[in-house]
Amino acid sequence: ALKDGVPFAEGDLTIDASYRYSDYDTVGSAWTYKLGLDWAVDNILRLRATSGTSFRAPGLFELYLNKQTSFLSQGQVDPCIGWGLQDQGGNYLNPNPTLRANCAADGIAPDYAGFGSSAEITTSGGLNLEPEESQAVSFGFVLTPPDTGFKFAMDFWRIKVGYQILSTTSVVNQCYYSEYFRSRPGYCDLFVRDTDQSSADFGRIESIDASYRNIPTEKTAGIDFTIDYSKEFNFGSLNVSSQITY
């Protein structure tokens, strides 16, 4: 931390750095770090930023969970139910054209109701799981004009997670909302749908493999706003705060 006297740092300039080494018998080792900056440029403007990585080894149950089965209704797992239904104005109840095209390509009727017995859900550990890795970055500023009681802060942030470990029945959603659909191996290989048009259960999802696995990269980004106003009066004090995330 550098205190008063540093050029352009009337208040203080603080830089934090940390590193960590992790080593697991199951998945190997990795270095992670975190860097932070907090810079009071003057008594009005403060800049701040962070950057860091993280590493999570799969838990023992995620690796070695024995095969288990459960059941969910068709309405809980099938995004193609009623995919072609429209309101009185002719608008699709499901506005996503990719899903509608993929459900149609699988021969599912536009008004498919999803009746039939429940889907069998299989869950087990994944012996070939890779560790989760992530990177997070944020930077922003704080404005505190003197003698105004006003404070405004804005922070930009982005989080990227690779090889996320997940057990979920949403593989069906991921399949039908994907522009690649069945053109490449992936989510669509993890469930079985009855495709026999002579069957009374035609269209029913029969089984889903919801075992623990690494999913593709997931990214999230946004902006945080904080607005605060305080003022003292003879009869008491007023404080108004607002926090907004986009």
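What comes next concerns the included structure.

1. Quick notes on the layout of surface pockets
Logical step 1: Reported here for the largest pocket is a volume of approximately 170 Å³.
Logical step 2: Around the largest pocket, the lining comprises 13 residues; the ones closest to its centre are Leu166, Gln174, Tyr187, Ile215 and Pro216.
Logical step 3: Every element with two or more residues in the lining of the largest pocket is listed here: α4 (171–176) and β11 (213–215).

2. Structural notes on the side chain of glutamate 62
Logical step 1: Structurally, the position occupied by glutamate 62 is in helix α1 (residues 60–64).
Logical step 2: Accessibility expressed as a relative area gives 7% for glutamate 62, which makes it buried.
Logical step 3: At 2.7 Å, the side chain of glutamate 62 forms a polar contact with the backbone nitrogen of glycine 59.
Logical step 4: In this structure, glutamate 62 is in contact with Arg56, Gly125, Gly126, Leu129, Ile165 and Tyr212, ignoring residues within four places of it in sequence.

3. Brief notes about the environment of aspartate 38
Logical step 1: With respect to the element layout, aspartate 38 can be found in strand β2 (residues 28–40).
Logical step 2: When its relative accessible area of 28% is taken as the criterion, aspartate 38 is described as partly exposed.
Logical step 3: Put simply, aspartate 38 and phenylalanine 235 are 197 residues apart on the chain and 37 Å apart in space, counted from C-alpha to C-alpha.
Logical step 4: Polar contacts involving the side chain of aspartate 38 include one to the side chain of arginine 46, which spans 2.7 Å.

4. A short note on the pairing of strand β10 (residues 205–209)
Logical step 1: Relative to β10, strand β5 (residues 119–123) runs parallel, the two being bridged by three bridges. Residue pairing for β10: threonine 122 is matched across the bridge by aspartate 209.
Logical step 2: Here three bridges tie strand β9 (residues 191–193) to β10, and the two strands are oriented antiparallel to one another. Of the residues in β10, the one forming a bridge with valine 192 is serine 207.

5. Quick word on helix α3 (residues 97–105)
Logical step 1: The complete set of buried residues in α3 reads Leu99, Arg100, Asn102 and Cys103. The buried residues of α3 all sit within an arc of 170 degrees when viewed along its axis, so they share a single face. Those residues of α3 that are exposed and aimed more than 90 degrees away from the buried face are Pro97 and Ala105.
Logical step 2: Buried-residue contacts for α3 involve α4.
Logical step 3: Two or three places before threonine 98, at the start of α3, stands the capping residue asparagine 96, its side-chain oxygen 3.0 Å from that residue's backbone nitrogen.
Logical step 4: One or two positions beyond α3, positive phi appears at glycine 107, with a value near 80 degrees.

6. Looking at the state of the cysteines
Logical step 1: Applying the stated criterion to the full structure yields two disulfides.
Logical step 2: The disulfide that involves cysteine 80 links it to cysteine 103, with 2.0 Å between the sulfurs. Looking down the S-S bond of the cysteine 80 and cysteine 103 bridge, the torsion is -85 degrees, so its handedness is left-handed. Here cysteine 80 is found in the loop between α2 (74–77) and α3, whereas its partner cysteine 103 is found in helix α3, with 23 residues between them in sequence. Pair check on accessibility: cysteine 80 and cysteine 103 agree, each one buried.
Logical step 3: A sulfur-sulfur distance of 1.9 Å marks the disulfide that ties cysteine 175 to cysteine 188. As the torsion about the S-S bond is roughly 95 degrees, the cysteine 175-cysteine 188 disulfide counts as right-handed. Here the residue cysteine 175 occupies a position in helix α4, and cysteine 188 occupies one in the loop between α4 and β9, the gap between them amounting to 13 residues. Each member of the pair, cysteine 175 as well as cysteine 188, carries the same accessibility label: buried.

About the cut-offs
- Residues numbered from 1 in each chain as written.
- Predicted model: local features only at pLDDT ≥ 70, side-chain atom pairs only at ≥ 80, totals over all residues.
- Heavy atoms only, no water.
- 1 Å grid on protein atoms, 1.4 Å probe; cavity = no way out; pocket = protein on both sides within 12 Å on 5 of 7 lines; lining within 4 Å.
- Points joined across faces, edges and corners; volume = space filled by probe spheres on them.
- Helix = DSSP H or I, 4+ residues; strand = E, 2+ residues; numbered from the N terminus.
- Buried < 20%, exposed > 50% of the residue type's maximum accessible area, 1.4 Å probe, protein only.
- Polar contact = N/O pair within 3.5 Å; in protein donor to acceptor, adjacent residues only side chain to side chain.
- Contact = heavy atoms within 4.5 Å.
- Pairing = 2+ DSSP bridges.
- Arc of directions from axis to C-beta.
- Disulfide = S-S within 2.5 Å.

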